[in-house]
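Descriptive structure summary
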Amino acid sequence: GGGGSAGGACRSGPKSRAWRQLYRKQFRKTKLCRFFPSGECRYTEEECPYAHDMAEVGFVPDLTKTALCQKYARGWCPLDSSACQFAHGTEELRTTDAFSESPLCKRAAGGREPRQWQTQPELDDDPFEHGSPHDVPQQQQQQQQQQQQQQQQ
């Protein structure tokens, strides 16, 4: 997936604190907290960026086409535009719902300033203080979800 892409399809370069907060907020409660089942979560249910039960789990934002394809930008992408998760040109760039009305995004603001779009996903950004959602293998997360569903029955 493109789990670390910008989500805002906004300018490249350093992001403001407000931009980073908005970016993180769209991932809040989209995964189960791996520490809660063992009682090791140091946050209250309200403070924890992860869900403490299945009823809290929300939808992950669609990050498709929110960043330019690096390969396309260098002149050649082996994938057709319809098959590539990244935008093949600025006309394909889109924003997530969190950024669509935000003044933090030049694209959403109508592009009044020169457009400089992100060309690479921010895979190094860790939007969560006690572990990235990418830390937990998919299989382990599915097992947790099944266990919680069984407990609810």
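Heads up: the structure comes first, above all this text.
The present account deals with the structure reproduced in this document. (Residues numbered from 1 in each chain as written. Predicted model: local features only at pLDDT ≥ 70, side-chain atom pairs only at ≥ 80, totals over all residues. Heavy atoms only, no water.)

This part takes up the pattern of salt bridges. Using the criterion set out here, one finds two salt bridges in the structure. In this structure, the salt-bridge partner of K29 is E56, at a minimum N-O distance of 3.3 Å. Here E56 lies in the loop between α1 (17-25) and α2 (70-73) and K29 lies in the loop between α1 and α2, a separation of 27 residues in the sequence. K29 sits in the buried class, given a relative accessible area of 12%. Judged by its relative accessible area of 22%, E56 falls in the partly exposed class. Among the salt bridges present, the one from K65 reaches E92, with a minimum N-O distance of 3.2 Å. Taken as a pair, K65 in the loop between α1 and α2 and E92 in the loop between α2 and α3 (97-100) lie far apart in primary sequence, 27 residues in all. (Salt bridge = Lys/Arg side-chain N within 4 Å of Asp/Glu carboxyl O. Helix = DSSP H or I, 4+ residues; strand = E, 2+ residues; numbered from the N terminus. Buried < 20%, exposed > 50% of the residue type's maximum accessible area, 1.4 Å probe, protein only.)

A few words on the environment of R94. Looking at where R94 falls in the secondary structure, it is placed in the loop between α2 and α3. Taking the C-alpha atoms as reference points, R94 and K65, 29 residues apart in sequence, are found 6.0 Å from one another. In this structure the side chain of R94 is engaged in a polar contact, spanning 2.8 Å, whose partner is the backbone oxygen of D62. (Polar contact = N/O pair within 3.5 Å; in protein donor to acceptor, adjacent residues only side chain to side chain.)

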